[in-house]
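Tertiary structure, described
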Amino acid sequence: MKLFHSSASPFVRKVVVLLHELDKADDVELLDVASTAFASDDALAASNPLAKLPSLVRDNGTTLYDSRVITAFLNDLYGGNMYPTGTSRWETLTLEATGDGIMDAAVSMSYEARLRPAEMQYGDWIEAQWAKVARAVSVLNARWMSHLSGPMDMGHISVGCALSYVDFRHGARNWRKGNEALAAWHAEFDSRASMHATKPPEA
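So, here's what we can say about the structure. Starting afresh in each chain, residues are numbered from 1 along the sequence in its written order. Totals for whole chains, interfaces and linings use every residue, but because this is a predicted model, local features are given only for residues with pLDDT of at least 70 and side-chain atom pairs only at 80 or more, for both listing and counting. For side-chain calculations, the full set of non-hydrogen atoms in the structure is used, while hydrogens and water are omitted.

Here's the deal with the overall build of the protein chain
Per the secondary structure count, the protein chain includes 9 helices and 4 strands. A run of H or I in DSSP becomes a helix once it reaches four residues, and a run of E becomes a strand once it reaches two; helices and strands are each numbered from the N terminus. Of the regular secondary structure in the protein chain, the N- to C-terminal order runs β-α-β-α-β-β-α-α-α-α-α-α-α. Based on C-alpha atoms, the radius of gyration is set beside the globule rule, defined as 2.2 Å times the residue count to the power 0.38. For the protein chain, the C-alpha radius of gyration of 17 Å lies close to 17 Å, the compact-globule estimate for 203 residues. Reported as C-alpha extents along the three principal axes, the dimensions of the protein chain are approximately 45 × 45 × 30 Å. Relative to its 203 residues, the protein chain shows a buried fraction of 43%. Considering only contacts in the protein chain between residues 6 or more positions apart, those separated by 24 or more positions represent 70%. Method for areas: the Shrake-Rupley scheme with a 1.4 Å probe, in which residue coverage is limited to the protein chains shown. With an accessible surface of roughly 10,300 Å², the protein chain has 51% of that area assigned to carbon and sulfur atoms. Any residue under 20% of the maximum accessible area for its type is buried, any over 50% is exposed, and the rest in between are partly exposed; the area is computed with a 1.4 Å probe on protein chains only. In what follows, a contact means two residues having at least one pair of non-hydrogen atoms within 4.5 Å.

Section: the pattern of salt bridges
Any Lys or Arg side-chain nitrogen found within 4 Å of a carboxyl oxygen on Asp or Glu counts as a salt bridge. The tally for this structure, following the rule as stated, stands at 7 salt bridges. Among the ionic pairs, Glu 96 bridges to Lys 14, the shortest N-O distance being 2.9 Å. Of this pair, Glu 96 sits in helix H4 (residues 88-115) while Lys 14 sits in helix H1 (residues 10-21), and the two are 82 residues apart along the sequence. Of the two residues examined, Glu 96 and Lys 14, each falls in the buried class. When the shortest N-O distance is used, the salt bridge between Arg 68 and Asp 100 registers 3.0 Å.

Thoughts on the pairing of strand E2 (residues 29-32)
Strand residues, when the strand is regular, have side chains that alternate between the two faces of the sheet. The pairing criterion for strands is at least two bridges between them, as found by DSSP. Across 4 bridges, the pairing between strand E1 (residues 2-5) and E2 is parallel. Note on E2: the bridge partner recorded for Leu 3 is Leu 30. Note on handedness: a clockwise path from strand one over the helix to strand two, with the strands aimed away from the viewer, defines a right-handed crossover. Chirality of the crossover, the property in question, places the unit of E1, H1 and E2 among those that are right-handed.

Function-wise, these values are silent; they only describe arrangement.
Below, the structure is given as structure tokens:
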């Protein structure tokens, strides 16, 4: 299988971290692409009409996207336990969606700042996206620490990659202030071998 890949994408990182945690990183070839909202990679667009990362090309030639579809597929394919059964499954899926939502908002901030000329950047939009991140981080710290302190599942990976992306692109925002329990959890999660192996290069 082949995964369209960019080391800076938190959604791609989420998939690759899962592969490392399942000890299957060598089973999937990473195809590095340079694709932005304004300039899509041709090969990526041919495989995924949305031209969005990540996209997983299976051995039969069909492509899976987005990250939540890919992680669920890989977890099933390799017999993982990152999506528990029973009532806790819905907590895991909600936690994963929260992490993915932080990624969405933080990536939108990055696009506004990095892809638009300075005179066209919309400060109120950036702050509205940050408000989503700040609310989500506060709720994680207040309501989700018991889950995050339990056995690792896909929610842990999504939240961990999301917070690391906020550090990567928006570190000056200091999401840790007032969220000490979550900050301590993230420090431990970020030390995992899977996170070290997938750390993006400094931009």
